[in-house]
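The residues making up each chain are set out below.
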Amino acid sequence: QIVYANSNYPGVSVRGVALSGLSRESAIDKLSREFTYTTKTNFILREGDKTWNAPPAQLGATFDVATTADAAFGYGRSGKLDLDLIDQFWAWYEGIDLAPIITFDSNRGAAYLKTISAQIDRAAVEASLTVNGTDVKVTQGVFGRTVNAEKTLAKLVAPLRAITTTEVTLVV
C-alpha cells in the first residue's frame, strides 16, 4: 500500500486502458488520449435514404475523465482494510476493468437533432380546390413531418450505456 500511495494499484484499467502504477494526473492524460469513444466512433442516424454520422459527443455524451480517474484511483481504497486487501489482490491477480463514467446531456442531443430535422421537417399543407370562372384548380395536400427528438434520443440511451454505436432510425 505504501508503494502505491499516490498511484493506481496493479491490474486496474478502464475499458481496456491500463492504469497500473499511474498517478491521477498521468491516468487522466492516458485516458484522454486512449479512450476515444465519445469523439472517434459514430452513430449512424437514418431517415429513409438519408444518413448522418454523429459521434456520441455531438449527441450529448461526455466522458468524465477526471471522475473516471478518481474511481480508478479509489479502487481498493474504501477505508475498510480487509475488503481493500481483497480488492487489491484480485486486481493484481486477475485485473479489474472499470467502466468509464459517461454523462448524457439530452439538451445537447436535441440541439444536434434540430439541425438534422431542418432537412426533414415539413409543414402539412391542406388540400384545396380553387374555382376561377370555369377553371377548377386542385391542390393536393401534403402530410407534415417532424422529427421526434425525445423518442429518437431515447433510442440512443441503451447503446450509450453499453458504450457501443449503432444505426438508429429517426422517429418522425
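For the structure given in this document, a descriptive report is provided here.

Conventions we followed
Residues numbered from 1 in each chain as written. Predicted model: local features only at pLDDT ≥ 70, side-chain atom pairs only at ≥ 80, totals over all residues. Heavy atoms only, no water. Helix = DSSP H or I, 4+ residues; strand = E, 2+ residues; numbered from the N terminus. Buried < 20%, exposed > 50% of the residue type's maximum accessible area, 1.4 Å probe, protein only. Contact = heavy atoms within 4.5 Å. Areas by Shrake-Rupley, 256 points an atom, 1.4 Å probe, with all protein chains shown as cover. Pairing = 2+ DSSP bridges. Axes fitted to C-alpha atoms, helices over the stretch in contact; angles between N-to-C directions. Expected span 1.5 Å × (residues − 1). Arc of directions from axis to C-beta.

## Some details on the overall build of the protein
Tallying secondary structure elements over the protein gives six helices and ten strands in all. Along the longest, intermediate and shortest principal axes, the C-alpha atoms of the protein span 100 × 25 × 20 Å. Taken over 172 residues, the protein has a buried fraction of 30%. For the protein, long-range pairs separated by at least 24 residues make up 62% of all intrachain contacts whose partners lie at least 6 apart in sequence. Accessible surface, the protein as shown: approximately 10500 Å² in total, 53% of it carbon and sulfur.

## With respect to the sheet that holds strand S3 (residues 43-47)
Spatially, three strands are ordered S4-S3-S10 in an open sheet, and the strand pairing comes out mixed. The open sheet has two edge strands, strand S4 (50-54) and strand S10 (167-169), and neither has a second partner. Strand-to-strand twist in this sheet, taken as the mean axis angle between neighbours without regard to direction, amounts to 25°. Relative to S10, S3 runs parallel, the two being bridged by three bridges.

## Remarks on helix H4 (residues 81-93)
With 13 residues, H4 extends 18 Å from end C-alpha to end C-alpha; this agrees with the ideal 18 Å at 1.5 Å per step. If you check which residues of H4 are buried, you get Asp84, Gln88 and Ala91. The buried residues of H4 occupy one face: seen down the axis, they fall within an arc of 65°. Within H4, the exposed residues directed more than 90 degrees away from the buried face are Asp82 and Tyr93. Here the buried face of H4 lies against strand S1 (12-14) and strand S6 (96-98). Of the residues trailing H4, Gly95 is marked for its positive phi of about 85°.

## Digging into helix H1 (residues 24-34)
Turning to H1, its buried residues number three or more, namely Ala27, Ile28 and Leu31. Within H1, the buried residues cover an arc of 100° as seen down the axis, which keeps them to one side. Of the exposed residues in H1, those oriented more than 90 degrees away from the buried face are Glu25 and Arg33. Next to the buried residues of H1 lie S1, strand S2 (17-18), strand S5 (61-63) and helix H3 (65-74).

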